[in-house]
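Listed below are the residues making up each chain.
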Amino acid sequence: LEEIHNFKGKYPKQLWHLFMVEMWERFCFYGMRGVLALFMADQLMGLGLSEKDSNLKYGAIQAFVYAFTFIGGIFADKILGFKKSLVFGGLVMIAGNLLIGIDPHQFFYYGITLTIIGTGFFKPNISSMVGELYAEGDPRRDAGFSLFYSGINIGALLGGIVCVYLGKNYGWNYAFLSAAAVMVIGVLFFLAIRKELGPIGNSPINHLQAPKRKSREIMVYIGALVCIPLIYIMINNTKYTDLFMFIVGPLAVLYYIIQLTKIESSAGKQKFIAAFIMIAFSILFFAIFEQAGGSLALFANSNVTPTLFGLSLDPNIVNNSANSLYVIAFAPLLGIVWLWMAKKKTEPNTVIKFGLAFLILAGAYYIFYALRFFANAQGMTSLEIFALAYFVVTIAELCLSPIGLSMVTKLSPKHLAGMMMGLWFLASAYGQYLAGILGAGMSDPSPDASLTDKLMAYTDGYQQLAIYSLIAGVILVLISPLIRKLMHEVK
Ligand code: GLN
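The paragraphs below set out a description of the structure included in this document. (Residues numbered from 1 in each chain as written. Predicted model: local features only at pLDDT ≥ 70, side-chain atom pairs only at ≥ 80, totals over all residues.)

### Notes on helix α7 (residues 210-236)
Here is step 1: In a regular helix each residue adds 1.5 Å, so 27 residues correspond to 39 Å; α7 covers 40 Å between its end C-alpha atoms and thus fits that length.
Here is step 2: At proline 229, α7 shows its maximal bend, which comes to roughly 30 degrees.
Here is step 3: Taken together, the buried positions of α7 are occupied by Val220, Ala224, Ile231, Met234 and Ile235. (Helix = DSSP H or I, 4+ residues; strand = E, 2+ residues; numbered from the N terminus. Expected span 1.5 Å × (residues − 1). Bend = angle between axes of the 7 residues up to and from the residue. Buried ≥ 20, exposed ≤ 12 C-beta atoms within 10 Å, placed from the backbone.)

### Focus: the nonpolar core
Here is step 1: In terms of nonpolar packing, the biggest core is built from 157 residues, with Phe64, Phe285, Leu361, Tyr365, Leu423 and Leu426 touching the most fellow members.
Here is step 2: With 23 residues, helix α3 (residues 51-102) is the single largest residue contributor to this core.
Here is step 3: When neighbours within four sequence positions are excluded, phenylalanine 285 is seen to be in contact with Ala357, Phe358, Leu361, Leu400 and Gly431. (Core = buried A, V, L, I, M, F, W, Y, C linked by C-beta atoms within 7 Å. Contact = placed C-beta atoms within 7 Å.)

### Considerations on the packing of helix α13 (residues 383-411) against helix α14 (residues 417-442)
Here is step 1: At a closest axis distance of 9 Å, the pairing of α13 and α14 adopts a crossing angle of 150 degrees. By the angle between their axes, α13 is roughly antiparallel relative to α14. Two packed elements cross with a definite hand, and for α13 against α14 that hand is right-handed. Listed contacts from α14 to Gly404, Leu405, Val408 and Thr409 of α13 are Ala417, Met420, Met421 and Trp424.
Here is step 2: Residues belonging to the contact of α13 with α14 are distributed by class as follows: six nonpolar, two polar and no charged. (Axes fitted to C-alpha atoms, helices over the stretch in contact; angles between N-to-C directions. Parallel < 35°, antiparallel > 145°, perpendicular 65-115°, else oblique. Left-handed = near helix turned anticlockwise from the far one by under 90°. Nonpolar A, V, L, I, M, F, W, Y, C, P; charged D, E, K, R; others polar.)

### Here we look at the environment of serine 282
Here is step 1: Structurally, serine 282 can be placed in helix α9 (residues 266-289).
Here is step 2: For serine 282, a count of 24 C-beta atoms within 10 Å translates into the label buried.
Here is step 3: Between the alpha carbons of serine 282 and glycine 404 there is a distance of 8.4 Å; along the sequence they are 122 residues apart.
Here is step 4: Apart from residues lying up to four places away in sequence, serine 282 is in contact with Leu400, Gly404, Trp424 and Ala427.

Right, here's the structure in full:
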């Protein structure tokens, strides 16, 4: 392990490996996600759901995906270790997409269920392994997570383009089949590089005798399969999603509290509390940020002019891809800025960065609000300004999302790293869930509303969100000295 921690240069070589693996996984995930709502709402070749129902189901599926990362994180901590979880999760994701690819009508819900479980075992654990590449206190950690975050977005961008293109032009099943194929590459690649990770991600019960260890592992695999009918029922009827969200959150908090009381050192306890507070704030961030998949997609569709600097361009493409493109372009740059500031000892600490994220997000949503001043008499507004708002959204995201991953790995005791990473993504699940509710609240209800009415309704909503974000940012900056104390030596 020391050999890995003492790497020379800016990034350990294993980071590039994990970067590639996560890139393929996100290709598969965002590729599938990109066609999900379209497929469900397609009346001829898809499931033929109403737009409202496909939106609701889309939200439910997204919430479940992120909620399962909490369970995946716990089982990795306790039994499987990150490496085995990753391979298992990857295989389940492949099976899920393959099933839908074979027959999207027959197997859709089973396939989606498998994707949810698979992502749960995969997603939090790869991020936790990135964290373990760094020794405690290594200032290069944040930059490493920024790079990793670019990998996420290269995958998201490619998957979003390729799967949507294949699905729309050749048939939905090709989108899911290509997602499965790409995930095969991801898993094979991981199997090829896993030795380089040394002890990182090995099973925490390796010291047990083989039969005992094996039986515990098999129990996890069987437990995961037992979840299939449960999730199947819940996504089939979104009423159960509400119930699920009401139950899982409190249970997770309870589990967190039990773990907290078991931590012996008071510094360890305080860091664990600091992580929790920051994770709680991230819920609001993602609730606003994730308008992208819901209300902003509908707004782009109805109220944004399809030309960018004179070239014709579908506003929904901008809505889907601009964010990933900006992350790829600017994450390295921001990484350099942080590193440079760290050298000068002026780098803002994590809490301030979170506060900045909210303040910048507020700026972005004020720009979304301001779109009403750039609209023509028909209520159609500027794609250029819309794209600019996404640039600002992305800078906010980069101050919080990759840094949050990094922070979780710094503040959690090693044996709870997976669970806390899961909690981080569980917060995203609540963000997604809330995003749907907030978005539904701002879409104009009357069916004969004019485009101008819609423009006003949506932009009013964005102004509200800007205000929430502003308040959260100010609170974070104000309480930052307090949280900083809880974080001890962690910056
Ligand atoms: N876009 C990032 C990813 O896919 C963050 C997602 C999230 O935490 N909500 O990893």
